[in-house]
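Chain by chain, the residues run as shown.
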Amino acid sequence: MREHFFPDFDWHTVFVQPWAEYGDNSFWIVLMGFLVSGTCGLVGCFVILRRMALVGDAISHSLLPGITIAFLLTNSRDTLPMMLGAIAAGITTVVLIEAIRHSSRIKPDAAIGIVFSSLFAIGIILISVFADKIDLDAECVLYGELGFIPLQDIAMLGGVEIGPEPVIRMAIIAVIAIGLLIAFFKEMLVTSFDPGLAASLGINPTRYQYGLTLFLSVVIVSSFESVGVVLVIAMIIFPGATALLITDRLPKAIWLSILFSLLYAVLGFHLATWLEASIAGGMTVIAGFIFGLVWMAAPKRGLLTKLVKRSFKRETTSP
Amino acid sequence: MQSSSTTQTNSKSAAPLEVHDLTVAYTKRPVLYGIDLKVPKGSIVGVVGPNGAGKSTLIKAIMGLLPVSSGWIKVFGKPFKKAVTRIGYVPQRESVDWDFPVNALDVVLMGRYGRLGPFKRPSKADKEIAMSCLEKVKMTSYATRQISNLSGGQQQRVFLARALAQESDLYLMDEPFVGVDATTEAAIIEILRELQAQGKTLIVVHHDLTTAPEYFDRILLLNMRVVAYGKTADVFTFENLQNAYGGRLSILSEVALSRARKKFDGDTRDNVG
Amino acid sequence: MNRAGKQILFTLALLALPILAHAAKIGDISETSWTEQAIDFFSFQQPIIRTALIGTLLIGFCCGILGSFLVVRKLSLLGDTLSHAVLPGVAMGFLWNASKDPWAIFVGATAAGILGVALVGWIKQTTHLKEDSAMGMVLAGFYGVGICMTTVIQNLAMGNKSGLDKFFFGQAAALSSGDIRLLGIISLITVVVILLFYKEFLVISFDIGFAQALGMPVKILHYALMALLTFAVVVSLQAVGVVLVSALLITPAAAAFLLTDRMHWMLVLAAVFGMLSGAIGAFVSYLSNNLPTGPFIVLGATSIFLLALLFGPRHGLLPKILRRRKQRKRIALENTLKAVFHLNENSQFTKRAFEAGKLATERNASLHETEAEIRNLVKAGMALRLDTANGTKMSGKAQFELTKPGWYRACEIVRNHRLWELYLTNAAQYQTDHVHDDAEDTEHHLGEDIVLRIEARLKNPIHDPHGKLIPNRDAIKP
């Protein structure tokens with residue numbers, strides 16, 4: 001318990017102590033944070049370019065009933081049923097949005113809003129009604145808790161402890177994401193840029209659209225435990241959006257988004273340590289801060305950069 | 001049809017494009033109605049007609065981007081999906097997001113993707129082809145520019161270069177001359193002629209009546225239906241143009257519209273204009 | 001179209017599952033407490049029920065009206081952004097004097113909300129990022145700040161902080177009389193502003209460029225609307241929750257949009273639906289102890305939306321399906337009539353009565369199908385059975401003839417068919433072998449005025465392209 005909102009800043013307790021005294025825990029937390037935001041950011045680059053940001057938001061909310069029902073049916077927190085429940089929920093969301101759009105004159109934005117809020121409401125009701133049976137905490141769903149990551153079961157491989165299970169799971173997802181990115185980069189690029197051309201090249205744009213949606217659901221479900229359903233969308237949009245303010249090339253943007261993810265994880269962790277706040281919240285604050293910084297001062301397009309350049313020009317041109 | 005296609009020139013190989021009794025309807029709007037068309041190899045066909053005549057729809061239907069209500073389309077004697085590598089496409093310029101993080105060379109390289117197949121990345125040879133295509137449209141010095149930093153004409157040239165990189169036999173171009181400066185227009189038409197000389201077939205949607213007879217050797221006058229199709233000199237008559245642009249067939253469009261509405265909506269109102 | 005309908009039904013069934021599970025669960029808590037609570041609710045004796053009900057009604061009212069403008073402007077998700085963006089403001093207001101002072105929270109949240117909306121606009125204007133990314137960033141970024149602050153507040157040694165969690169999922173019972181007063185004021189302001197500036201809001205919603213050309217202060221109007229929206233969102237937070245308040249803006253308005261084609265009716269309907277959803281939510285969440293209000297309000301609104309989607313008279317799926325089925329029946333009837341006309345024509349118009357077997361051959365159908373068709377004709381008063389000796393059973397030799405209305409209708413259909421063929425070949429230059437299939441379809445959809453115009457255009461023709469006679473207008477209508 002403390003008195004002030006901003007505690008006194010002490011270099012030692014904020015930056016040194018977490019590593020010196022709880023090095024192991026801090027490592028897993030930061031690694032998990034990085035894996036989550038890195039994977040989300042990777043997928044997010046395409047999500048942004050395809051203008052699916054809010055569909056992603058909808059999916060992240062709709063996962064809640066999916067995992068809750070999976071949980072109620074199997075009575076376990078195993079990865080597989082949760083994953084299947086989440087994917088089913090993700091697909092249901094997209095199908096429902098499309099169905100409402102095509103069967104009525106409701107515009108896509110309203111369809112998105114109606115679908116995700118209804119599904120989310122169902123999820124919340126299920127959780128509060130079966131509160132005694134589900135150890136899914138509604139608040140955990142909303143905030144996520146990276147701090148608990150080191151306390152999770154340790155995954156074993158050939159008798160050797162390799163790390164907390166969620167971290168290992170996220171690492172696998174990250175590797176799959178990178179593999180998919182390398183394998184389908186050109187298809188993703190062309191279907192995002194010009195679906196018409198893609199079709200003329202024999203690349204089916206709808207197939208890739210659904211593939212991306214599916215994988216997005218997988219990424220979101222493996223992330224939400226750590227960052228919560230709302231902040232997962234921050235991890236999806238911020239890295240890519242910030243990178244796209246700096247560079248004009250997609251590959252470069254992807255590299256940059258990974259770099260930003262690392263920054264979010266490390267700085268967010270220390271910010272949260274200082275304020276004793278939610279780590280996911282801290283990461284988002286850092287993400288927002290970095291975006292603001294880049295927005296104002298990016299090398300070519302930053303608002304302040306432009307301003308400075310303009311006034312500089314004026315000075316040099318005026319005699 | 002007034003001047004039905006009379007082409008016995010290419011009896012050996014299948015025609016680059018053959019359309020039979022094609023009808024296309026968007027959810028509530030019928031756009032094309034009973035289209036018959038046969039395009040001979042090595043011709044430049046201009047698709048001309050008033051706004052909303054279904055010119056772009058025709059291109060999209062050929063590409064399989066729109067569901068066909070009735071009739072069929074064959075490209076080199078095959079359905080579109082089997083002839084994909086033989087078709088090059090230049091979409092309307094507004095159809096893409098020009099803020100997209102790619103440069104001119106990236107866009108041209110996309111033209112090679114169809115030949116690469118899955119899991120393969122563009123090779124050095126592909127890049128060289130893309131560069132040479134950029135050179136053909138005189139855009140080499142802009143290769144590394146992000147595409148929103150190009151002028152309208154330059155963007156159109158990039159699109160053209162991309163179509164060239166597809167190395168196709170049939171090119172479908174949707175309004176390539178819109179928002180383009182005079183030099184670009186001349187450059188584009190020069191490239192089109194060159195392609196024609198190589199035996200390629202081009203179908204170009206065009207809205208400018210004054211330049212149409214000069215650019216194309218065949219013209220398809222379109223207004224929901226084929227008003228006239230054939231050699232430019234035969235088609236470009238006052239009567240045909242009046243038929244296409246005069247709106248004398250308002251009954252046809254009205255009936256088609258109300259019919260489509262009823263089908264999709266179960267609308268019971270009669271012939272709402 | 002049909003496929004979409006099926007998809008909806010399928011997913012509806014999926015949705016029903018958890019709701020059923022939930023109902024079963026409520027049942028097994030204790031039957032008596034459930035009904036007792038319900039009776040308790042409807043007696044409106046306890047002040048807490050009245051407060052909650054009045055609160056949710058007012059919230060539904062405000063959100064319904066203001067949400068309508070978002071829905072027609074295709075800005076629905078701006079409401080979502082707004083509701084998330086207010087969270088840091090709520091926390092800030094909470095920090096102000098460490099209590100749940102509605103006014104402090106109101107001021108903080110409104111400031112945060114308007115800042116959020118302004119940021120979305122600013123990002124869109126100054127970068128090449130698209131609107132959805134901008135909204136997503138503001139939504140998640142502000143929410144992240146809010147979560148940081150709330151977790152910090154929970155660690156602070158301050159007075160009463162129990163109320164803060166209500167802002168996430170909403171609890172109508174947590175509304176205080178101070179909140180109600182605030183809600184009342186906001187509702188009043190909303191109604192007055194919308195009434196005063198209805199036509200301005202209508203124009204900027206429909207065509208912002210035109211509004212500018214008219215010299216309207218578009219920016220001010222836009223931000224006024226946003227301010228009203230923020231007010232509505234902020235006062236709704238406690239009852240509905242941050243995540244779900246956007247649903248109250250979107251869903252009732254979307255349901256109203258399905259039912260009416262006029263903006264002012266849409267506002268009225270949306271307000272009514274919003275109030276109804278609020279009441280449903282307040283009622284259901286009162287039934288048991290730990291049920292949050294927000295989700296039930298949302299599901300109430302969703303149910304209304306689904307009803308509108310399925311049964312809305314003009315745009316509803318079910319009426320559409322019924323209309324289509326009716327039309328299919330009519331077309332089948334008309335096709336039978338046409339076949340009878342052809343039988344007539346083949347006999348050089350000498351015979352009037354025909355055998356069912358003959359019709360079956362002409363229609364290329366089985367006798368069984370033809371029987372059903374004739375029965376339909378008889379039911380519609382367009383044909384008469386000449387031999388009723390065998391009862392309802394028909395043989396191939398069973399005789400029937402068309403009644404006068406049946407004969408007229410048959411002539412009309414054949415006339416339509418032949419006129420349309422002639423129009424396609426003569427006026428639209430189609431080849432004669434292309435026109436029959438099209439006419440088969442079009443003949444059922446030609447209205448009388450179009451027929452008149454075609455006749456005028458073709459100068460009252462007598463023969464169709466195949467040389468057959470076109471039934472004469474004067475002969476058809478005596």
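These figures come from a predicted structure and were not determined experimentally.

Let us look at the overall build of chain B. Regarding its fold elements, chain B presents 10 helices and 9 strands. Evaluated residue by residue, chain B yields a buried proportion of 57% over its 273 residues. Taking the contacts inside chain B whose residues are at least 6 apart along the sequence as the reference set, 69% of them involve residues at least 24 apart. When the accessible surface of chain B is split by element, carbon and sulfur atoms take 50% of a total near 11,200 Å².

Let us look at the sheet that holds strand E8 (residues 218–223) of chain B. Residues and elements named next belong to chain B. The strand order across the open sheet formed by 6 strands is E5-E6-E7-E3-E8-E9, and the pairing between neighbours is mixed. Of all the strands in the sheet, the pair left with one neighbour each is strand E5 (87–90) and strand E9 (225–231). Strand-to-strand twist in this sheet, taken as the mean axis angle between neighbours without regard to direction, amounts to 15°. With 6 bridges joining them, E8 and E9 adopt antiparallel strand pairing. Among the inter-strand pairings, Ile219 is bridged to a residue of E9, identified as Gly230. Contacts from helix H5 (residues 152–165) reach E5 and strand E6 (170–174) within the one sheet, and its direction differs from that of E5 by about 170°. Sitting on the sheet, helix H6 (residues 182–197) touches strand E3 (44–48), E6 and strand E7 (201–206), and the angle it makes with E7 is about 150°.

Residues and elements named next belong to chain C. Following the sequence through the fold, Arg73 ends up in the loop between helix H3 (47–72) and helix H4 (76–85). At 8.4 Å, Glu131 is the nearest oppositely charged side chain to Arg73, a buried residue that forms no salt bridge. For Arg73, the side chain forms a polar contact with the side chain of His222, separated by 3.1 Å. Every residue in contact with Arg73, bar those within four places of it in the chain, is listed here: Ile204, Ser205, Ile208, His222 and Leu225.

Attention now goes to the packing of aromatic side chains. Residue and element names in this part refer to chain C. Evaluation of the coordinates by the stated rule reveals 15 aromatic pairs over all chains. Taking the centre distance of 5.3 Å and the plane angle of 35° together, the rings of Phe106 and Phe231 count as tilted. Taken together, the residues span a long stretch of sequence, with Phe106 in helix H6 (residues 102–126) and Phe231 in helix H12 (residues 218–240) at a distance of 125 residues. The buried category is assigned to Phe106, whose relative accessible area is 10%. Both rings, one in Trp420 and one in Tyr423, keep their centres 5.1 Å apart while their planes meet at 25°; by these two values the pair is stacked.

What follows concerns the interface of chain B and chain A. Taken residue by residue, the interface counts 31 residues in chain B and 24 residues in chain A. Around 2,400 Å² of area is buried between chain B and chain A when both sides are counted, 66% of it from carbon and sulfur atoms. Contact with chain A buries surface across chain B, with B:Phe100, B:Pro101 and B:Tyr113 losing the most and accounting together for 28% of the total. Seen at the junction of chain B and chain A, the total is 3 salt bridges. Joining chain B to chain A, the criterion identifies 5 residue pairs in polar contact (both at pLDDT 80 or more). Mapped by element, the contributors of at least two residues to the side of chain B that touches chain A are E5, helix H2 (104–110), helix H3 (113–116) and H5 of chain B. Tallied by class, the residues present in the side of chain B that touches chain A amount to 19 nonpolar, 7 polar and 5 charged.

Our next topic: the side chain of B:Glu185. Residue and element names in this part refer to chain B. Here Glu185 is to be found in helix H6. Here Glu185 is buried and forms no salt bridge, its nearest opposite-charge partner Arg193 lying at an N-O distance of 10 Å. In contact with Glu185, not counting residues within four places along its chain, are Phe177, Val180, Thr211 and Tyr215.

So, about the environment of B:Lys138. Residues and elements named next belong to chain B. When you line up the elements, Lys138 lands in the loop between helix H4 (124–136) and H5. Accessibility expressed as a relative area gives 56% for Lys138, which makes it exposed. A C-alpha to C-alpha distance of 9.7 Å links Lys138 and Thr184, two positions 46 residues apart in sequence.

Think of interface size as the accessible area that goes away when the parts come together; that is how it is often given. Taken together, the 70 residues of chain A in the interface contact 75 residues of chain C. For the pair chain A and chain C, the two sides together bury roughly 6,400 Å², of which 77% comes from carbon and sulfur. Counting across the interface, chain A meets chain C through 1 salt bridge. Close ionic contact of A:Arg105 with C:Asp261 constitutes a salt bridge, the shortest N to O distance being 2.7 Å. The interface formed by chain A and chain C contains 11 residue pairs in polar contact (both at pLDDT 80 or more). Elements represented by at least two residues in the side of chain A that touches chain C include exactly helix H3 (53–74), helix H4 (79–103), helix H5 (108–129), helix H6 (138–143), helix H9 (205–246), helix H11 (279–297) and helix H12 (303–317) of chain A. Among the elements that make up the side of chain A that touches chain C, the one with the highest residue count is H5(A) (17 residues). Among the residues forming the side of chain A that touches chain C, the class breakdown is 44 nonpolar, 14 polar and 12 charged.

Put simply, side chains in a regular strand alternate between the two faces of the sheet. All names here are of chain A. Bridge count between strand E1 (residues 154–157) and strand E2 (residues 160–164): 4 bridges; the pairing is antiparallel. Within E2, the position partnered with Ile154 by the bridge is Pro164. Following E1, the chain reverses through 2 residues before pairing antiparallel with E2; Gly158 in that reversal takes a positive phi of roughly 60°.

The next point concerns helix H9 (residues 238–245) of chain B. Residues and elements named next belong to chain B. Those residues of H9 that sit buried are Asn240, Leu241, Asn243 and Ala244. The buried residues of H9 all sit within an arc of 160° when viewed along its axis, so they share a single face. Taken together, the buried residues of H9 touch E8, E9 and helix H8 (232–235). Its side-chain oxygen placed 3.2 Å from the backbone nitrogen of Asn240, Thr237 serves as the N-cap of H9.

This part takes up the sheet that holds strand E3 (residues 399–402) of chain C. All names here are of chain C. Read across the open sheet, the 3 strands follow the order E1-E3-E2; overall the sheet is antiparallel. Only two strands of the sheet have a single partner each, and these edge strands are strand E1 (353–355) and strand E2 (383–385). Going from strand to strand, the sheet's axes swing by 35° on average, the running direction of each strand aside. Relative to E3, E1 runs antiparallel, the two sharing 3 bridges. Each residue of the ladder has a partner; that of Glu355, found in E3, is Gln399.

Now for H12(C). All names here are of chain C. If you check H12, its first and last C-alpha atoms are 31 Å apart, about what 23 residues at 1.5 Å a residue would give, namely 33 Å. Across the 23 residues of H12, 19 count as buried, placing the element largely inside the fold. Immediately downstream of H12, the backbone of Gly241 shows phi near 95°, a positive value.

Attention now moves to the confidence of the model for chain B. Residues and elements named next belong to chain B. Confidence in the prediction of chain B, expressed as mean pLDDT, is 82, and 86% of residues score 70 or more. Between residues 1–12, whose pLDDT stays under 50, and residues either more than four places distant or in other chains, the model counts 19 contacts. Low confidence marks residues 268–273, where pLDDT is under 50. Its contacts with residues over four positions away, or in another chain, come to 17 contacts.

What follows concerns the nonpolar core. Counting 262 residues, the largest nonpolar core has A:Ile106, A:Phe193, A:Tyr264, B:Leu192, B:Leu221, C:Tyr143 and C:Phe305 as the members making the most contacts within it. Among residues more than four places away in sequence, those in contact with A:Ile106 are A:Ile100, A:Arg101, A:Ala111, C:Ala254, C:Phe257, C:Leu258 and C:Phe305. B:Ile59, B:Ile62, B:Ala83 and B:Val84 belong to the second-largest nonpolar core, a separate cluster that totals 32 residues.

Before going further, it helps to spend a moment on the environment of C:Ala85. All names here are of chain C. With respect to the helices, strands and loops of the structure, Ala85 is situated in helix H4. Separated by 56 residues in the primary sequence, Ala85 and Gly141 have C-alpha atoms spaced 8.0 Å apart. Discounting residues that sit within four places of it in the chain, Ala85 has contacts with Ala112, Gly116, Val138 and Phe142.

About the criteria used
Residues numbered from 1 in each chain as written. Chains lettered and ligands numbered in written order. Predicted model: local features only at pLDDT ≥ 70, side-chain atom pairs only at ≥ 80, totals over all residues. Heavy atoms only, no water. Helix = DSSP H or I, 4+ residues; strand = E, 2+ residues; numbered from the N terminus. Buried < 20%, exposed > 50% of the residue type's maximum accessible area, 1.4 Å probe, protein only. Contact = heavy atoms within 4.5 Å. Areas by Shrake-Rupley, 256 points an atom, 1.4 Å probe, with all protein chains shown as cover. Pairing = 2+ DSSP bridges. Axes fitted to C-alpha atoms, helices over the stretch in contact; angles between N-to-C directions. Lys, Arg positive; Asp, Glu negative; His and termini not counted. Salt bridge = Lys/Arg side-chain N within 4 Å of Asp/Glu carboxyl O. Polar contact = N/O pair within 3.5 Å; in protein donor to acceptor, adjacent residues only side chain to side chain. Phe/Tyr/Trp six-rings, centres within 6.5 Å; stacked < 30°, edge-to-face > 60°. Buried area = accessible area lost by both parts, 1.4 Å probe. Nonpolar A, V, L, I, M, F, W, Y, C, P; charged D, E, K, R; others polar. Arc of directions from axis to C-beta. Expected span 1.5 Å × (residues − 1). pLDDT = per-residue confidence, 0-100. Core = buried A, V, L, I, M, F, W, Y, C linked by side-chain atoms within 4.5 Å.

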